[in-house]
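Results of the structural survey
The lines below spell out each chain.
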Amino acid sequence: MSDPHELVIVGSGPAGLTAAVYAGRANLAPIVVEGIGAGGQLMLTTDVENFPGFPEGIQGPELCERFRAQSARFGTRIYTETVDRVDLSQRPFRFWTEEREGMARALILATGATAKRDDIPGTRDHELWQKGVSACAVCDGALPVFRNKPLFVVGGGDSAMEEGSFLSKFASKVYIVHRRDELRASAIMQQRARENPKIEMLLSHRVSVVEGGHSVESVRVVDLKTDLERAISAAGLFFAIGHVPNTRFLGGQVATDEQGYILTTPGTTLTSVPGVFAAGDVQDKKYRQAITAAGSGCMAALEAEQYLSHNH
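Report follows, based on the coordinates. (Residues numbered from 1 in each chain as written. Predicted model: local features only at pLDDT ≥ 70, side-chain atom pairs only at ≥ 80, totals over all residues. Heavy atoms only, no water.)

The subject of this paragraph is the sheet that holds strand E15 (residues 216-223). Strand-to-strand pairing in sheets goes through backbone hydrogen bonds, with the strands running parallel or antiparallel. Taking strand neighbours across the sheet as the criterion, the three strands line up as E14-E15-E16 in an open arrangement whose pairing is antiparallel. This sheet does not close on itself; its edge strands, each paired only once, are strand E14 (205-212) and strand E16 (229-233). Geometrically, the sheet is characterised by an average inter-axis angle of 25 degrees between neighbouring strands, direction not taken into account. One ladder, built from seven bridges, connects E14 with E15; its direction is antiparallel. Residue Val207 lies in a different strand from E15, and its bridge partner there is Val221. (Pairing = 2+ DSSP bridges. Helix = DSSP H or I, 4+ residues; strand = E, 2+ residues; numbered from the N terminus. Axes fitted to C-alpha atoms, helices over the stretch in contact; angles between N-to-C directions.)

This is the structure we're talking about:
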């Protein structure tokens, strides 16, 4: 095993790569272990219209590539490997990928969260995923392809009501599909959605298939009480059934909430383990935007730099 790295960043979305830019400029020679899903959720997003500095919009993968190039310019080394285990009980910390074992004086965890998706024919990768099927209304809902068209939201919790209300600003109509008779959402969120003239609730229904050629054209739904199936014209379908933070590899060594999101000291990126910092969607279940992830990546790098200067 080689000498310990000053700083290892696990994950390569906006949070991890922004942290790398700041750490590189601070001469920390950061290592980024980017993981299999390199680039994070942005790699699954086509048009990004809400990242500052790009008035014409930019493709998600291109934005990620620019992040990478900027971090490399300041001396970041990037390994396309996945950290599958860490040991935070000793200093320096130790980490393992399939290819290597390494040590780090400080760690930034920026492994993100993965949107849950029901396994519905037509919505899978290489089908209509990102061709009208999405898991982020705030990211994609305002795109021209969805404007003044009927849209679907799958889910019954607060996030489904929020996404439905957001989409109603652009869509001609929004169908919220939920398998059960009753929604899980809070009373106030349900009330707002029900009072919205553009929203129609399809309770005790499920989506059976999403159809289309180059993009979503219709959604087939089944009434679970009558077994009747019908096709409804639509331009998009949005999953709003939650996210899973990518924290399993930590083995419970960092404090998380009941859903697995890393807990940080409010207003900071400090975790329960000194020298370990968390940035981006792995610790943020509220905003989940590229710009907020990038901001927390900046915070993590500055806090890691401060930690290292006091702990050598």
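A sheet is described by the order of its strands in space; here five strands give the open sequence E10-E17-E11-E12-E13, paired in parallel fashion. Strands with a single pairing partner mark the edges of an open sheet, and in this sheet they are strand E10 (133-134) and strand E13 (199-203). Pairing of strand E11 (residues 150-154) with strand E17 (residues 236-239), which is carried by four bridges, proceeds in the parallel orientation. Bridging across to E17, Leu151 finds its partner in Gly236.

This next bit is on the packing of helix H1 (residues 14-25) against helix H6 (residues 290-310). It is at 7 Å that the axes of H1 and H6 come closest, and there the two elements cross at 40 degrees. Accordingly, the angle class assigned to the pair H1 and H6 is oblique. Viewed along their axes, H1 and H6 form a crossing whose handedness is right-handed. In this structure, H1 contributes Pro14, Ala15, Thr18, Ala19, Tyr22 and Ala23 to the contact, and H6 contributes Ala290, Ala293, Ala294, Ser296, Gly297, Cys298, Ala301 and Leu302. Looking at the contact of H1 with H6 residue by residue, the classes come out as 11 nonpolar, three polar and no charged. (Parallel < 35°, antiparallel > 145°, perpendicular 65-115°, else oblique. Left-handed = near helix turned anticlockwise from the far one by under 90°. Contact = heavy atoms within 4.5 Å. Nonpolar A, V, L, I, M, F, W, Y, C, P; charged D, E, K, R; others polar.)

So, to be careful, I would describe these as geometric facts and stop short of saying anything about function.
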